[in-house]
Amino acid sequence: MIEPTVYELSSPGRHGPRLPALDVPLAPLPDAALLRPADALPLPELSELDVVRHFVRLSHLNMSIDTNFYPLGSCTMKYNPKVNEKVAGLPGFAQLHPLQDAEMTQGALQLLFELQIILAEISGFDAVTLQPAAGAQGELTGVLIMRQYHLDRGDVKRTKILVPDSAHGTNPATTTMAGLQVVELPSDSRGNVDLDALKAALDDTVAGLMLTNPNTLGLFEEHVVEVTRLVHEAGGLVYGDGANLNAIVGVARPGDLGFDVMHFNLHKTFSTPHGGGGPGAGPVAVVEKLAPFLPGPLVAVEKVEAQGPHYHDEDDHHHDEHDGYRLVWHTPSKSIGRMKSYYGNFGVLVRAYTYIRMHGAEGLPRIAENAVLNANYIKARLEADGSYPIAYGERTCMHEFVAQGILEGAPDVHTMDIAKRLMDYNFHPPTVYFPLIVKEALMVEPTETESKETLDAFADALIQIAKEAREQPALLKDAPHTAPMKRLDEVRAARELVLCRC
Ligand SMILES: *Cc1c(COP(=O)(O)O)cnc(C)c1O
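Residues numbered from 1 in each chain as written. Predicted model: local features only at pLDDT ≥ 70, side-chain atom pairs only at ≥ 80, totals over all residues. Heavy atoms only, no water.

Asker: Tell me what's going on with the packing of aromatic side chains, and back it up with residues and numbers.
Answerer: Enumeration over the complete set of coordinates arrives at 8 aromatic pairs. Chaining the aromatic ring pairs together yields one cluster made of Phe 69, Phe 427 and Phe 458. (Phe/Tyr/Trp six-rings, centres within 6.5 Å; stacked < 30°, edge-to-face > 60°.)

Below is the structure:
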């Protein structure tokens, strides 16, 4: 057994925390019927040391961004600077309650207000909501806004959303959840949206197109301006899936390319923990004509009329710069309504704000440049070796590229075997079997935060594994050898969950 459960470690009567003596009289609960029998909740009993060691041992079983290179394509698993955590943990942020009055939380509102403006500036849009909890919820928010825009104009025929076949699964799922119909668009031979297929699909029943740029093949849409123009000419709107913003942040702005609405994945581009490491945030940016439909409330500026009593206090000089306005919660006139309780995942917003301010306008383009350079470096190393085919390899990739686990001289070896074997080399496997349009896909996204040494070690490992595949394929078939759990039956593991040893 790798590590017993806390229940197995439990020893009756042992306990960790010692509670301070009561400084108020003991009072019984008002209704004894609310009490549960003492043995009804069988909690484990352990000392503090038992608990700490248990969880530290468990944490060592994890591959994480803090322990290993994590080239998970489409996910942007970059390093999360620890300063983000420090700032999010400041008591003035961490101990706020969402029901506190706006008068008492002007500092937090200012952070949100500035983040709305910063994200609009970075993306080239006019207004931003910070409310959605993740990219997928941002998509739903954006598509509901698109739908409402058409309905508001009395344009009720528009019930279809065009989605390229390279799209993330959340795009068609979002469309369906919004009550609209998915029309799939094929990709052309260079990995772009097929323009002829787009033209053929466009008519007055199309609400819009959902486009990821760069797309999930790691390719910048070569005709993006023409694509957005064609959709607009047909009366549709263009949704931008912003999950790949890391490739272009500070360099190109989706708003300038003709997109009408997009979501950000703050947990990808702006370095807040995700993938089991914490909640995300999926703010949505829109052009001016869609701003009235944003979910509320947003942070807005309200002018304070210079009237009534004006009192001075010792801190007055501190307030002077805010004289004349205050920040308030505001719901736009034609809002689609609320998408999430309160104001979104505030702690995540603080982290993203910290990260953006740390990099500043000069630093943001370096993120994109290095992310693209790092991906192209690994791609070039694999091309020089020649073992792995690379989908659309003739093109320069953006922040990620898609290799294929199809190795000459190793017909029985598949992408899954290569991914598992990488764990023996202490690398988190890349994304596998996505995007769906590439056979045996191995999708690599190194991000900008990795050193040349790490990139080389990863390329070396992939090349070495290709050699093993030809010479000792069993090494791959039985991998991982060093992980605490060996090859699992993944379907059974997902379908027949065993959550306790009861
Ligand atoms: C990650 C991702 C999403 C979904 O975002 P979540 O924040 O995980 O909900 C959508 N589209 C693409 C291309 C993605 O990579």
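Now, onward.
Asker: Now, about helix H6 (residues 135-152): what can you tell me, with residues and values included?
Answerer: In this model H6 runs 25 Å from its N-terminal to its C-terminal C-alpha over 18 residues, within 8% of the 26 Å that 1.5 Å per residue would give. Residues Gly 135, Gly 138, Glu 139, Leu 140, Thr 141, Gly 142, Val 143, Leu 144, Ile 145, Met 146, Tyr 149 and His 150 constitute the buried set of H6. (Helix = DSSP H or I, 4+ residues; strand = E, 2+ residues; numbered from the N terminus. Expected span 1.5 Å × (residues − 1). Buried < 20%, exposed > 50% of the residue type's maximum accessible area, 1.4 Å probe, protein only.)

Asker: Could you give an account of the environment of Asp 412, naming the residues involved and the relevant values?
Answerer: Topologically, Asp 412 is positioned in the loop between strand S10 (401-404) and helix H13 (415-424). Each C-alpha atom, one on Asp 412 and one on Ala 474, is 9.9 Å from the other, the two residues being 62 residues apart in sequence.

Asker: Which residues make up the domain arrangement of the protein, and what are the values?
Answerer: Note: interface size is frequently given as the accessible area lost on complex formation between the parts. On domain assignment, one finds that the protein holds domain 1 (6-16 + 25-61), domain 2 (83-355) and domain 3 (365-494). A straight line from the C-alpha centre of domain 2 to that of domain 3 covers 32 Å. Counting from both sides, the interface comprises 26 residues of domain 2 and, opposite them, 21 residues of domain 3. Between domain 2 and domain 3 the total buried area reaches about 1,800 Å² when both faces are included, carbon and sulfur atoms providing 62% of it. Inspection of the domain 2/domain 3 interface yields 1 salt bridge. In this assembly, domain 2 and domain 3 are joined by 8 residue pairs in polar contact (both at pLDDT 80 or more). Taken together, the residues that form the side of domain 2 that touches domain 3 break down as 10 nonpolar, 12 polar and 4 charged. (Domains from an automatic or database assignment. Contact = heavy atoms within 4.5 Å. Buried area = accessible area lost by both parts, 1.4 Å probe. Salt bridge = Lys/Arg side-chain N within 4 Å of Asp/Glu carboxyl O. Polar contact = N/O pair within 3.5 Å; in protein donor to acceptor, adjacent residues only side chain to side chain. Nonpolar A, V, L, I, M, F, W, Y, C, P; charged D, E, K, R; others polar.)

Asker: Mind laying out the site of the ligand, listing which residues take part and the relevant values?
Answerer: Close to the ligand lie 13 residues; Ser 74, Gly 135, Asp 241, His 267 and Lys 268 are nearest. For the ligand, a nitrogen atom lies 2.6 Å from a polar atom in the side chain of Asp 241. Take His 267: an N or O atom from its side chain is 2.6 Å from an oxygen atom of the ligand. Per element, the largest residue contribution to the shell around the ligand is 3 residues, and it comes from H6. Taken together, the residues that form the shell around the ligand break down as 3 nonpolar, 7 polar and 3 charged. (Near = heavy atom within 4 Å.)

Asker: Describe the pattern of salt bridges, listing the residues and the values that go with them.
Answerer: One pass over the full model with this rule turns up 29 salt bridges. Note that Glu 448 is salt-bridged to Lys 78, the shortest N-O span being 2.9 Å. Highlighted residues: Glu 448 in the loop between strand S12 (441-444) and helix H14 (452-471) and Lys 78 in the loop between helix H2 (48-60) and helix H3 (82-88), separated in sequence by 370 residues. An identical accessibility class is assigned to Glu 448 and Lys 78; each is buried. The salt bridge involving Asp 424 is made with Arg 421; its shortest N-O contact spans 2.7 Å. Residue Asp 424 and its partner Arg 421 are located together in helix H13, separated by 3 residues, close to a single helical turn. Of the residues examined, Arg 421 reaches a relative accessible area of 10% and is grouped as buried. Salt bridges here are not isolated pairs; linked through shared partners, they connect Arg 381, Lys 452, Asp 456 and Asp 460.

Asker: Account for the side chain of Ser 387, naming residues and giving values.
Answerer: On the secondary structure map, Ser 387 appears in the loop between helix H12 (346-385) and S10. Polar side-chain contacts of Ser 387 include one of 2.5 Å to the side chain of Asp 385. If near-sequence neighbours (up to four positions away) are discounted, Ser 387 is found in contact with Leu 382, Ile 406, Leu 407, Ala 466 and Arg 470.

Asker: Describe unusual backbone geometry, naming the residues involved and giving the relevant values.
Answerer: In this structure, Pro 297 follows Gly 296 across a cis peptide bond, with omega equal to -5°. In this fold, Pro 297 is placed in the loop between strand S7 (284-286) and strand S8 (298-303). Here Ala 479 and Pro 480 are connected by a cis peptide whose omega angle stands at 5°. Looking at the secondary structure, you find Pro 480 in the loop between helix H15 (473-477) and helix H16 (490-495). Backbone geometry places Asn 426, a non-glycine residue, at a positive phi of 65°.

Asker: Requested: an account of the side chain of His 428, with residues and values cited.
Answerer: Following the sequence through the fold, His 428 ends up in the loop between H13 and strand S11 (431-432). Beyond its immediate chain neighbours, meaning those up to four positions away, His 428 contacts Met 63, Phe 69, Tyr 70, Pro 71 and Leu 72.

Asker: Can you break down the sheet that holds S7 residue by residue, with the values?
Answerer: Strand order in the open sheet formed by 7 strands is S1-S7-S6-S5-S4-S2-S3, and the pairing between neighbours is mixed. In this open sheet, the two strands that pair with only one neighbour each are strand S1 (127-129) and strand S3 (181-185). Ignoring strand direction, the axes of neighbouring strands in this sheet form an average angle of 20°. Inspection of the sheet shows S1 paired to S7 by 3 bridges, in the antiparallel sense. Directly across from Val 128, in S7, lies its bridge partner Ala 285. In the packing of H6 onto the sheet, the strands contacted are strand S2 (160-164), strand S4 (206-212), strand S5 (237-241), strand S6 (261-263) and S7, and the crossing angle to S5 comes to about 175°. (Pairing = 2+ DSSP bridges. Axes fitted to C-alpha atoms, helices over the stretch in contact; angles between N-to-C directions.)

Asker: I'd love a proper account of the nonpolar core, names of residues and values included.
Answerer: If you look at the biggest cluster of nonpolar residues, it comprises 84 residues, and the most contacted ones within it are Leu 119, Leu 198, Leu 266, Phe 270, Val 286 and Leu 290. Per-element tally for this core: the top contributor is H12, with 12 residues. Three or more residues apiece are contributed to this core by two domains, here domain 2 (83-355) and domain 3 (365-494). Ignoring anything within four residues of it in the chain, the contact list for Val 286 reads Phe 125, Asp 126, Ala 127, Ile 145, Asp 260, Val 261, Ala 291 and Leu 294. Core analysis: the next-biggest nonpolar cluster, separate from the first, contains 26 residues, Phe 401, Leu 407, Leu 462 and Ile 465 among them. (Core = buried A, V, L, I, M, F, W, Y, C linked by side-chain atoms within 4.5 Å.)

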